[in-house]
Amino acid sequence: MKNKKAAEILRQFLKKGQNRITPERFEVMDAALDYEGHFGADDLYVIMKNNSSRVSRATVYKTLELLVQCNLLCKRNFGDNMTHYESLYRKQNHDHLICMDCGRIVEFPSTSLENIPSQLCNELGFDFSSYSFNIFARCKNPKKCKYFNPKGKNEKLS
Ligand SMILES: [Zn+2]
Ligand SMILES: [Zn+2]
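Note that the structure is predicted; figures quoted are calculated from it, not measured. (Residues numbered from 1 in each chain as written. Chains lettered and ligands numbered in written order. Predicted model: local features only at pLDDT ≥ 70, side-chain atom pairs only at ≥ 80, totals over all residues.)

## Digging into unusual backbone geometry
So the rule is basically this: Strands here are runs of E lasting at least two residues and helices are runs of H or I lasting at least four, both read from the DSSP assignment and numbered beginning at the N terminus.
The phi dihedral of Ser52 is positive, around 50°, even though this residue is not glycine. A positive phi angle, close to 55°, is found at Arg90, a residue other than glycine. Residue position: Arg90 is located in the loop between strand E2 (84–87) and strand E3 (94–99).

Rendered as structure tokens:
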């Protein structure tokens with residue numbers, strides 16, 4: 001197990017919810033936290049398979065949901081109807097700009113936005129839970145963009 005502190009968080013969470021504590025779940029956790037950037041559940045499953053893991057697809061899906069619930073991962077929606085996951089562990093809070101032409105995702109720190117959602121919740125009489133903020137934009141010059149792919153728009157959004 002590479003991420004000891006995260007493993008402890010997951011262990012406590014599983015125990016509290018009376019979920020089974022299995023080595024496969026920690027295997028998925030390590031793979032998910034080590035993934036650089038954004039990924040779909042199937043991306044992670046394929047990577048684990050290629051590393052000759054014996055974990056099942058169902059376990060990957062289920063464990064990713066559990067990791068979201070204990071705040072080690074978060075879900076992102078980049079407007080393509082796919083669920084993308086991203087590690088929150090040892091990572092600075094940030095938001096995303098998504099290019100609608102080339103599918104590139106640029107991260108930026110959300111320091112100037114951070115307090116707004118919880119302030120709004122307070123004003124509207126709610127308890128803040130989470131927020132998502134995406135900027136959708138277009139390449140200024142698609143011809144010069146090395147990410148631009150004229151054939152398959154948004155083919156790979158992760
Ligand atoms: Zn991100
Ligand atoms: Zn672009």
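## Thoughts on the domain arrangement of the chain
Heads up, the rule is: Segmentation of the chain into domains, including their bounds, is taken from an automatic or database domain assignment. Ten residues, namely Ala, Val, Leu, Ile, Met, Phe, Trp, Tyr, Cys and Pro, are considered nonpolar, four, namely Asp, Glu, Lys and Arg, are considered charged, and the remaining ones, Gly among them, are considered polar.
Per the domain assignment, the segments making up the chain are domain 1 (1–91) and domain 2 (92–158). For domain 1 and domain 2, the distance between their C-alpha centres works out to 22 Å. Residue classes in the side of domain 1 that touches domain 2 are distributed as three nonpolar, five polar and four charged.

## What about the environment of Lys91?
In plain terms, the rule: Residues with at least 20 neighbouring C-beta atoms inside 10 Å of their own are called buried, those with 12 or fewer are called exposed, and the rest are partly exposed, where every C-beta is derived from the backbone.
Here Lys91 is to be found in the loop between E2 and E3. Looking at Lys91, the number of C-beta atoms within 10 Å reads 11, which means it is exposed. Considering only alpha carbons, one finds Lys91 and Arg57, 34 residues apart in sequence, at a separation of 26 Å.

## Quick notes on the packing of helix H2 (residues 23–34) against helix H4 (residues 57–69)
This is how the line gets drawn: Fitting a line to C-alpha atoms yields each axis, with helices limited to the stretch in contact; the angle taken between N-to-C directions then spans 0 to 180 degrees. Just so you know how the angles are binned, under 35 degrees is roughly parallel, over 145 roughly antiparallel, 65 to 115 roughly perpendicular, and the rest oblique. By definition, residues are in contact whenever their C-beta atoms, placed on the basis of the backbone, come within 7 Å of each other.
Viewed as axis vectors pointing N to C, H2 and H4 meet at an angle of 70°, and their least axial separation amounts to 9 Å. Looking at the two axes, H2 sits roughly perpendicular to H4. Contacts between H2 and H4 involve Glu24, Arg25, Val28, Met29 and Ala32 on the former and, on the latter, Thr59, Val60, Thr63, Leu64 and Leu67. Looking at the contact of H2 with H4, its residues break down into six nonpolar, two polar and two charged.

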